[in-house]
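# A closer look at the structure
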Amino acid sequence: MKRAFDIPLGCLAALILFVPVLLVAMAVRLTSKGPALYGSDRVGRNNVIFKMPKFRSMRVGTPAVATHLLADARLLLTPIGSFMLETFIKCKYHS
């Protein structure tokens with residue numbers, strides 16, 4: 001019964017979110033060189049490393065280190081990247 005509910009709900013969510021995801025991807029591509037998505041290494045089940053796709057907020061060629069270790073991370077943000085990070089932080093802490 002749960003699966004019969006999950007599949008239609010997942011398809012509906014995919015349809016609703018398709019346009020916003022497409023708009024963000026286009027904004028990233030139009031405001032900076034390089035791909036819209038990149039793979040961030042994450043640790044999954046049984047300690048297996050996998051690539052989680054994320055929208056790119058930093059310029060291509062940025063060192064793969066934690067942002068707080070960079071001298072001035074704001075200089076490496078793409079124009080849309082700073083907007084995405086500010087929006088995410090506001091949403092994360094105001095919900």
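Above this note sits the structure.
Structural notes, computed from the coordinates. (Residues numbered from 1 in each chain as written. Predicted model: local features only at pLDDT ≥ 70, side-chain atom pairs only at ≥ 80, totals over all residues. Heavy atoms only, no water.)

## Quick look at the overall build of the protein chain
- When you go through the protein chain residue by residue, the secondary structure sums to 2 helices and 2 strands.
- Beginning at the N terminus, the succession of helices and strands in the protein chain can be written as α-β-β-α.
- Computed over C-alpha atoms, the radius of gyration of the protein chain comes to 16 Å, more than 25% over the 12 Å expected from 2.2 N^0.38 for 95 residues, which places it beyond the range of a compact globule.
- The principal-axis extents of the C-alpha atoms in the protein chain amount to approximately 55 × 35 × 30 Å.
- Burial analysis of the protein chain (95 residues in total) assigns 15% to the buried set.
- Counting contacts in the protein chain only where the partners sit at least 6 residues apart, residues at least 24 apart contribute 26% of the total.
- Accessible surface computed for the protein chain: about 7,900 Å², of which carbon and sulfur atoms make up 70%. (Helix = DSSP H or I, 4+ residues; strand = E, 2+ residues; numbered from the N terminus. Rg over C-alpha atoms; globule rule 2.2 N^0.38 Å. Buried < 20%, exposed > 50% of the residue type's maximum accessible area, 1.4 Å probe, protein only. Contact = heavy atoms within 4.5 Å. Areas by Shrake-Rupley, 256 points an atom, 1.4 Å probe, with all protein chains shown as cover.)

## Side note on the pairing of strand β1 (residues 37-43)
- Sheet topology places β1 next to strand β2 (residues 49-55); 7 bridges connect them, and they run antiparallel. When the sheet's bridge partners are listed, Tyr-38 is paired in β2 with Lys-54.
- If you look at the hairpin formed by β1 and β2, you'll find 5 residues sitting between the two strands, and Asn-46 has a positive phi there, around 60°. (Pairing = 2+ DSSP bridges.)

## Some details on the pattern of salt bridges
- According to the stated counting rule, one finds 2 salt bridges in the structure shown.
- Measuring nitrogen to oxygen at the nearest pair gives 2.5 Å for the salt bridge that ties Lys-2 to Asp-6. Taken together, the residues span about one helical turn, with Lys-2 and Asp-6 both in helix α1 (residues 2-31) at a distance of 4 residues.
- Between Lys-51 and Asp-41 there is a salt bridge; the shortest N-O distance is 2.8 Å. Taken together, the positions of Lys-51 in strand β2 and Asp-41 in strand β1 put the pair 10 residues apart, joining distant regions of the chain. (Salt bridge = Lys/Arg side-chain N within 4 Å of Asp/Glu carboxyl O.)

## Things to note about a nonpolar patch on the surface
- A grouping of Phe-5, Leu-9, Leu-12, Ile-16, Leu-17 and Val-21 is seen on the molecular surface, where their side chains present a nonpolar patch of about 590 Å² in accessible area.
- By the element assignment, Leu-17 lies in helix α1.
- Given a relative accessible area of 49%, Leu-17 falls into the partly exposed group. (Patch = residues over 30% accessible without salt bridge, like charges linked within 9 Å, V, L, I, M, F, W, Y side chains within 5 Å.)

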